[in-house]
Amino acid sequence: MTPAELLLALARTRASLDGGEVTFWWTGDVHSWAPGEPYRHLFGFEGVNVARLEAGGGEEEGTYRLLTREAAFYLDPRSREILETWEDKPVVHVWNDPANQAWRPFPVPVTDLGDQVCFSLEIPLSYPSPLPVAQYPLNSADDTYRALELFQFFAPATVLTTDAPSVPATMSWTRMSPWLPWMEQGARPGGLTFHCRGRKLSSYEDAPERTRAYIAAHHPEFARAPEKWTAPNETSWTYFRALHPPR
């Protein structure tokens, strides 16, 4: 298949070609690692991403823009209740608005699994940290932010041939990252591994009631995808900086 055809199949899997809103929900866990220390199961993790796909947005034919907001919450690893504090520190949950993506045709990695296919996206990140160590010595260990995001989207094999605007899908997500800024680990070596799985929902209302209630109480706009493209994207690091501007 051509890169344009593969991207079209991925678009049907990740979103909907008719521009309708699509919600992905995921759940999983967060483990820590540090030299000379045992791995620790620190948090549960659960969230939603509400997306809307737009065709165009680039000079190249077959380009798309994915407009999304995503909210995710750190949970007690045993009770799975949403945490407000951790080790007497206030927890800063994920409120990324926007979390947009611009797509152009590229050789999307796809694996034939028989009656399913798997789209694999491996995204290494490295860029100047929004939290320079000199300004945030308790919250940052490096002036360069480095992380690894590993996505897999599983769809029926018919996604490669169907004319349907959207197909059912499940997903997995693994992330390797530094300590979170609100954990106040400073220059301590180590970091976190997120390990999650989820699925495309029929509608936002199919997300867990607890999750929808928390969003409604704190940031109700996260129940909908953005109406317009904006930049830059929000991240946990930029959101933390906005909450705690440098002095």
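Rules and cut-offs
- Residues numbered from 1 in each chain as written.
- Predicted model: local features only at pLDDT ≥ 70, side-chain atom pairs only at ≥ 80, totals over all residues.
- Heavy atoms only, no water.
- Disulfide = S-S within 2.5 Å.
- Buried < 20%, exposed > 50% of the residue type's maximum accessible area, 1.4 Å probe, protein only.
- Helix = DSSP H or I, 4+ residues; strand = E, 2+ residues; numbered from the N terminus.
- Polar contact = N/O pair within 3.5 Å; in protein donor to acceptor, adjacent residues only side chain to side chain.
- Contact = heavy atoms within 4.5 Å.
- Salt bridge = Lys/Arg side-chain N within 4 Å of Asp/Glu carboxyl O.

Looking now at the state of the cysteines. As enumerated under the stated definition, the model contains 0 disulfides in all. Cys 118 carries a free sulfur, and the closest cysteine sulfur to it, the one in Cys 196, is 16 Å from it. According to the relative accessible area criterion, Cys 118 is buried, its value standing at 3%.

This part is about the side chain of Arg 69. Along the polypeptide, Arg 69 turns up in strand S3 (residues 64-75). The exposure class assigned to Arg 69 is buried, which follows from its relative accessible area of 15%. A polar atom in the side chain of Arg 69 sits 3.4 Å from the backbone oxygen of Ala 225. Leaving out residues up to four positions away in the same chain, Arg 69 has contacts with Val 48, Asn 49, Val 50, Asn 96, Asp 97, Glu 221, Phe 222, Arg 224, Ala 225 and Pro 226.

Quick look at the pattern of salt bridges now. Taken as a whole and judged by the stated rule, the model has 10 salt bridges. Of the charged contacts in the structure, one is a salt bridge between Arg 40 and Glu 87, with a shortest N-O distance of 4.0 Å. Pair noted here: Arg 40 is in strand S2 (residues 40-55) and Glu 87 is in the loop between strand S4 (85-86) and strand S5 (89-90), with a separation of 47 residues, a long-range link. Under the relative-accessibility criterion, Arg 40 is labelled partly exposed at 37%. Put simply, Arg 65 and Glu 54 hold a salt bridge, and the shortest N to O gap is 3.3 Å. Of this pair, Arg 65 sits in strand S3 while Glu 54 sits in strand S2; the two residues are 11 residues apart in sequence, bridging distant segments of the chain.

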